[in-house]
Amino acid sequence: MTTNTTNTSCDKSVSRKDFLRLMFLGGAAAAATPLLPGTASAAPRIELHKDTLAVLIDLSRCIGCRSCEAACNEANHLGNHPAEYESDKVFDEIRRTDATHFTVVNKRIPAEGAAPVFVKNQCMHCSEPACVSACPARAFEKNINGAVTYNPDVCIGCRYCMQACTFAMPAYEYDSAFDPRVRKCEMCFHNIDKQGAPACASICPQDAIVFGRREVLIEEARKRLEKDAGYVKHIFGEKELGGTSVLYISRVPFDQIGFPTNLPLEPMPKATYGFLSTIPVLHITLPVLLAGIYSVTRRRDDARAEDDHE
Amino acid sequence: MTPEGRAWVRENILLGQSVRDYLRSLVTPWNLVGAAIVAVGLPVIIARFIWGLGATTNLSNTNPWGIWLGFDMFFGVAIATGGFAMVVGVYILGRTEYKPMVRPAILTGFLGYALAVFGLAIDLGRPWRLPYPLFVSMGTASVMFLVAEHLFLYITIQFLEFLPAAVEWLRLRAVRAWLHRIHIGAVILGSVLVMGHQSALGALFLLMPTRLHPLWYSPYLPYLFFASCVAGGIAMLVVESLVSHKVFGHKLSHNDHETIDRLTLGLGKAAMFALFAYLGLKLLSIAHGMSWNHIFTGWGAWWAVEIVAGIALPSVLFLLGIWRESATLVRWGSVVTVLGLLLNRMNVAVIALNWNLPDRYVPSWMEIAVSATLVVFGVWIFRWIVNRMPILNRLPEFPDHD
Ligand code: SF4
Ligand code: SF4
C-alpha cells in the first residue's frame, strides 16, 4: 500500500486514512461480488407442473423383445444396424446406455433359478435433475412437459453432468475430436408432437411402456398395485429424488433387479443449496474481516517501527 | 539487433553467457529426463486434439473423469494454495519474517493454477468454449460454474501478484509503482476467491452421494477440501524451499541455513494446525455419516491408508519436529502431507468415485505421459523465471518494501 512503512515519523495520520481506504476497498469488493453471477443464493426450484408428462414402465409385462431399443435407434437416428436388435446375445451381459444407445433392456436374474426380469433403462427425466444443476454452461434443461433436454451448442464438454447423474445415464461421444456431444434419452422431445408419444412407448407390443400425464400414470400404477397383490407395493420414481418422469412398477423387489435402493427423497441439487448460499455471505464478510485484521496489523507494525526508530 | 539489445538479451535471457554456452549449459541429466518425458507427452497432446479423448484416454461413460482432472486439476490447484497462505500470513497477519518466501510461493501458486487450467483445456471436450460458462451461457446455479468463475478471477489476481517480479526484471518503474498501490486489494480479493473455489471444488461432489464411496462422501466436503489444501499448500512451500535451497542456493544470499530452518519450523507449525483441523473434520464426517460399517471392508482399509499415512503420520512428524526443533522432521512431514493430499484428491475425484459401478478406470500410458509433461513444464518454467527474475533474491534498485 504505502511505500514507506518504515518511515513512520511522517506516517502518523496514514493509518487512519488507510483504514478508511481499506474499509472502502473491502466494501467495494463485498459490493461487487454479489453482482457476480454464481452467487445465486436461491437456486431455481422446479415445481412439478400438473401437466408434466411421464412414462410408466410395468416390468412384469416386458418380454425383452427390445423393439423399444430398435424404435429408439430409428427415431433418434443413432445409426446402429437393425440386425443388432434381433439377437438375444446382448443379454449375456449387463449393458449400460452409451452414445448410440439411449435405452437398453437388460435381463436380470433376481435369484437362483428365478424367472428373469427384463429391465429397460434410460434417463429418468428427474423433476429436479442433478445434470441440470451440474452444468456450468446451462446446456441441460428441464422442460415444462417433463423432458430433460440437452443443447450441444453451449456444452463445453466438462462431463460433470455425466458424473453428477445419480443413474449414470448420460454418455459421451469420446471418439469425436471436434464436436463431441453428451448423449441421452430426451423423451423424444423434438418430435413428440408429431408422434404423440416417445418412440419406445408407441412401439411396445406388450403395453409395458405407457406415456401420459404423470398424475394420471401414478393413478394407473396405483390401480394396478391394488388390483394385483403380486406387485411390489412401490412405484419407483414417484418419490425418489423428488420424483422422476419415468415410473416403474414390478413384481420382483427393485433391489434384486439392479435398481438403486435408499435413494434420497429430496431432489439431488438440494445437497448443494446450502453451500451455494454461503458463498455470498463469504463474499461480503470476508473482505471486511481481512481488511480489519490488516489495519490492526499495520498499526501494530507502524508502532513497532516507530519504537525501533526512537 | 542493436549492440545494446544484444547485450540485454545476453544479460537477461542467456544469463550472461553466449548462445552456445547457454545451450550447452542446458544439457544436464535432469533436463534430458525432462526432455524425454516431453518428447512422449507433447505428441500425445497433439494426438488428443486430432483424434479425440477416446483415442488417447481410458475414460468411459461410467468414469468420465480421469487423472487429467484428478491429478492436474484437483491436486494441482490444491498444492498451489501456498501462495494464498503466504500472502495472508505476511500481509494480513503481519508475519513479515516470511517475506523472503512470498515470491517463490506466489510463483509456485501461479504456475500450479496455470498448469491446472492447461490440463483442464486438454481434458475438456470442447476447450475452445472455455469462456462459455463465464460469458455466453452462464449456469449460475452450478457449483462448477462457481469454480470456473472463481478460478478465472483468482488466476488474474495471481498474475497481478506475480507481476512485480517480472516488471522489476524489465525495469518498468511506473508499472511497479502502480502494482504496489493495488497490492493489498489484490491480496484481500484473492483470499476470498481462494476460499470460494477451493471449497467449491469439494462441493462439486455433493451431488454424488450415490456415486462417491460413503467413506469419502460427506456434506463437509467443501470444508474438508479447504482445510486440506491449506495444509498441503503450506507443506508444498516447505518442499519447494527445500528444493530451491539445493538448486538455487547461490541466489539465496540473505537466506542462511539458520533462518531457513527457523522459517521451516514456523511453516510446519501452521501446516500442523491445518492438518489437525482437517483430521478432526474428517473423523467428524465419518461419525456424522455413520459410515463406520464400511471401515472393515477393502475400501475401509484403503481409507485407513489415507488417514494414517496421509494425515496422522505427517501430523506426528510435524509435532516431533516442532518439539525437537528439527527442520528435517518438518521437511519429511511436509513431503508426506503433499503425498497424502495427492492420495485424497485422487480418491475423491477418481478412485472412490463410481466404486459400486461395474467398470474401473485405470489411466492409459498416454494420460500419464501428458500429466508428467505438465509437471516438467512447471519445473522448467519455474526454473527459467527464478534464474532471471527477482524471486529468491532482490534487485538492488528495487528494495523489498511491499
Ligand atoms: S436421470 Fe440423470 S440425465 Fe436423466 S434427468 Fe436425471 S440426472 Fe439428468
Ligand atoms: S459436459 Fe456439457 S452438458 Fe455436461 S455439464 Fe459439462 S457443459 Fe454441461
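It should be emphasised that the depicted structure is a prediction, and the values quoted were computed from it without experimental measurement.

Reading the values: the criteria
Residues numbered from 1 in each chain as written. Chains lettered and ligands numbered in written order. Predicted model: local features only at pLDDT ≥ 70, side-chain atom pairs only at ≥ 80, totals over all residues. Heavy atoms only, no water. Contact = heavy atoms within 4.5 Å. Buried area = accessible area lost by both parts, 1.4 Å probe. Salt bridge = Lys/Arg side-chain N within 4 Å of Asp/Glu carboxyl O. Polar contact = N/O pair within 3.5 Å; in protein donor to acceptor, adjacent residues only side chain to side chain. Helix = DSSP H or I, 4+ residues; strand = E, 2+ residues; numbered from the N terminus. Nonpolar A, V, L, I, M, F, W, Y, C, P; charged D, E, K, R; others polar. Expected span 1.5 Å × (residues − 1). Near = heavy atom within 4 Å. Pairing = 2+ DSSP bridges. Axes fitted to C-alpha atoms, helices over the stretch in contact; angles between N-to-C directions. Buried < 20%, exposed > 50% of the residue type's maximum accessible area, 1.4 Å probe, protein only. Phe/Tyr/Trp six-rings, centres within 6.5 Å; stacked < 30°, edge-to-face > 60°. Lys NZ or Arg CZ within 6 Å of the ring centre and 35° of its normal. Parallel < 35°, antiparallel > 145°, perpendicular 65-115°, else oblique. Left-handed = near helix turned anticlockwise from the far one by under 90°. pLDDT = per-residue confidence, 0-100. Core = buried A, V, L, I, M, F, W, Y, C linked by side-chain atoms within 4.5 Å. Patch = residues over 30% accessible without salt bridge, like charges linked within 9 Å, V, L, I, M, F, W, Y side chains within 5 Å. Areas by Shrake-Rupley, 256 points an atom, 1.4 Å probe, with all protein chains shown as cover.

Chemist: What's the story with the interface of chain A and chain B in this structure? I'm lost.
Modeler: Frequently, the measure chosen for interface size is the accessible area that the parts lose on association. In this assembly, 70 residues from chain A lie in contact with 67 residues from chain B. Both sides of the chain A and chain B interface together cover about 5700 Å² of buried area, and 63% of this is carbon and sulfur. The tally of links from chain A across to chain B stands at one salt bridge. Note that Arg159 of chain A is salt-bridged to Asp123 of chain B, the shortest N-O span being 2.9 Å. In this assembly, chain A and chain B are joined by 26 residue pairs in polar contact (both at pLDDT 80 or more). For the side of chain A that touches chain B, the elements supplying multiple residues, two or more each, are helix H1 (14-32), helix H3 (130-134), helix H4 (160-164), strand S6 (171-172) and helix H8 (270-309) of chain A. Tallying contributions element by element places H8 of chain A first for the side of chain A that touches chain B, with 17 residues. Grouping the amino acids of the side of chain A that touches chain B by side-chain chemistry returns 46 nonpolar, 13 polar and eleven charged.

Chemist: What should I look at first to understand helix H12 (residues 257-289) of chain B in this one?
Modeler: Spacing of three or four residues puts side chains on the same side of an α-helix, whose turn is 3.6 residues. Here H12 of chain B contains 33 residues, and its C-alpha end-to-end distance of 47 Å stays within 8% of the 48 Å for a straight helix at 1.5 Å per residue. Met290 of chain B lies just past H12 of chain B and shows a positive phi near 55°.

Chemist: What's the story with the site of ligand 1 in this structure? I'm lost.
Modeler: Cys123, Met124, His125, Cys126, Pro129, Ala130, Cys131, Val148, Cys165, Phe167, Pro170 and Lys184 of chain A make up every residue found near ligand 1. Here the residues of the shell around ligand 1 sort into ten nonpolar, one polar and one charged.

Chemist: Teacher, can you tell me more about the sheet that holds strand S8 (residues 209-213) of chain A here?
Modeler: The pairing of strands in a sheet happens through backbone hydrogen bonds and is either parallel or antiparallel. All names here are of chain A. Strand order in this open sheet of three strands is S8-S1-S9, and the pairing throughout is mixed. Single-partner strands in this sheet number two, and they are S8 and strand S9 (246-249). Each adjacent strand pair in this sheet contributes to an overall mean axis angle of 25°, direction not counted.

Chemist: Explain the environment of Ala83 of chain A to me, please; I cannot follow it from the model alone.
Modeler: Note that Ala83 of chain A resides in the loop between helix H2 (67-75) and strand S2 (104-108). Sequence-wise, Ala83 of chain A and Thr297 of chain A are 214 residues apart; in three dimensions their C-alpha atoms are separated by 76 Å.

Chemist: I'm lost on the pairing of strand S1 (residues 53-58) of chain A in this one. Help?
Modeler: Note on strand geometry: in a regular strand, side chains alternate between the two faces of the sheet. Residues and elements named next belong to chain A. The element S1 is largely enclosed, with a buried count of six among its six residues. Burial along S1 is two-sided: Leu53, Val55 and Ile57 facing one way and Ala54, Leu56 and Asp58 facing the other are all buried. Two elements, S1 and S8, share five bridges in a ladder whose sense is antiparallel. Note that in S8 the partner of Leu56 across the bridge is Val210. Where S1 meets S9, four bridges bridge the pair, whose relative direction is parallel. Following the sheet pairing, Val55 is matched in S9 by Val246.

Chemist: Explain the packing of aromatic side chains to me, please; I cannot follow it from the model alone.
Modeler: Scanning the model with the defined rule gives 26 aromatic pairs over all chains in all. Ring geometry for Trp65 of chain B versus Phe74 of chain B: centroids 6.1 Å apart, planes at 35°, classification tilted. Like Trp65 of chain B, the residue Phe74 of chain B is buried in the burial classification. Between the aromatic rings of Phe110 of chain B and Phe159 of chain B, the centroid separation amounts to 5.7 Å while the plane-to-plane angle is 45°, which identifies the pairing as tilted. Of this pair, Phe110 of chain B sits in helix H7 (residues 102-123) while Phe159 of chain B is found in helix H9 (residues 143-169), placing the two residues 49 residues apart along the sequence. Residue classification places Phe110 of chain B among the buried residues on the basis of a relative accessible area of 14%. Owing to a relative accessible area of 37%, Phe159 of chain B belongs among the partly exposed residues under this scheme. One aromatic cluster is present, formed by Tyr160 of chain A together with Trp65, Phe74, Phe205 and Phe225 of chain B through successive ring pairs. The ring of Tyr231 of chain A has Arg251 of chain A sitting right over it, with the charged end atom 4.6 Å from the ring centre. Over the face of the ring belonging to Phe49 of chain B we find Arg48 of chain B, whose NZ or CZ atom lies 4.4 Å from the ring centre.

Chemist: What exactly am I supposed to notice about the packing of helix H11 (residues 221-247) of chain B against H12 of chain B here?
Modeler: Between two packed helices, the angle of one axis relative to the other and the distance separating the axes together describe the packing. Residues and elements named next belong to chain B. At their nearest, the axes of H11 and H12 sit 8 Å apart, and the two run at 160° to each other. As judged from the angle between their axes, H11 and H12 are roughly antiparallel. Viewed along their axes, H11 and H12 form a crossing whose handedness is left-handed. Together, Tyr223, Leu224, Ala227, Ser228, Val230, Ala231, Ile234, Ala235, Leu237, Val238 and His245 of H11 and His257, Ile260, Thr264, Leu267, Ala270, Ala271, Ala274, Leu275, Tyr278, Leu281, Lys282 and Ser285 of H12 make up the contact between the two elements. Split into classes, the residues belonging to the contact of H11 with H12 amount to 17 nonpolar, five polar and one charged.

Chemist: I'm lost on the side chain of Arg176 of chain B in this one. Help?
Modeler: Its location among the elements puts Arg176 of chain B in helix H10 (residues 173-203). Within polar-contact distance, the side chain of Arg176 of chain B engages the side chain of Glu168 of chain B at 2.7 Å.

Chemist: What should I look at first to understand the confidence of the model for chain A in this one?
Modeler: For any part of a model where pLDDT is low, the fine detail of the predicted coordinates should not be relied upon. Residue and element names in this part refer to chain A. On average, chain A scores 85 in pLDDT, and the residues at 70 or more come to 83%. Note that pLDDT drops below 50 for residues 1-17; the model gives that stretch 26 contacts with residues more than four away or on any other chain. A low-confidence stretch, residues 29-46 stays under pLDDT 50, and its non-local contacts, those more than four residues away or across chains, total 38 contacts.

Chemist: In this structure, what is going on with the nonpolar core? I would like to understand it.
Modeler: Nonpolar side chains in soluble globular proteins tend to end up buried together. Tyr160 of chain A together with Phe205 of chain B are the most contacted members of the largest nonpolar core, which totals 177 residues. Filtering out sequence-adjacent residues up to four positions away, Phe205 of chain B remains in contact with Tyr160 of chain A together with Trp65, Phe74, Leu212, Tyr217, Leu221, Phe225, Val348, Ala349 and Leu353 of chain B.

Chemist: Explain the pattern of salt bridges here, please?
Modeler: Side-chain pairs of opposite charge can arise whenever the charged atoms involved come near each other. Residue and element names in this part refer to chain A. On inspection of all chains with the given rule, the structure shows 20 salt bridges over all chains. The partner of Arg224 in a salt bridge is Glu220, with the nearest N and O atoms 2.9 Å apart. Of the two residues, Arg224 and Glu220 both sit in helix H7 (residues 214-227), four residues apart, roughly one turn of that helix. Between Arg251 and Asp228 there is a salt bridge, with its nearest N and O atoms 2.6 Å apart. Of this pair, Arg251 sits in the loop between S9 and H8 while Asp228 sits in the loop between H7 and S9; the two residues are 23 residues apart in sequence, bridging distant segments of the chain.

Chemist: Would you mind going over the environment of Cys188 of chain A with me for this structure?
Modeler: All names here are of chain A. One can find Cys188 in the loop between strand S7 (182-183) and helix H5 (192-195). Taking C-alpha positions, Cys188 is 8.6 Å from Cys72, a pair spaced 116 residues apart along the chain. Among residues more than four places away in sequence, those in contact with Cys188 are Gln195, Pro198 and Ala199.

Chemist: Would you mind showing me how to read a nonpolar patch on the surface here?
Modeler: Residue and element names in this part refer to chain B. A cluster of nonpolar side chains, namely Trp8, Leu170, Leu172, Val175 and Trp178, defines an oily patch on the protein surface of about 430 Å² accessible area. Checked against the element boundaries, Leu172 lands in the loop between H9 and H10. For Leu172, a relative accessible area of 36% translates into the label partly exposed.

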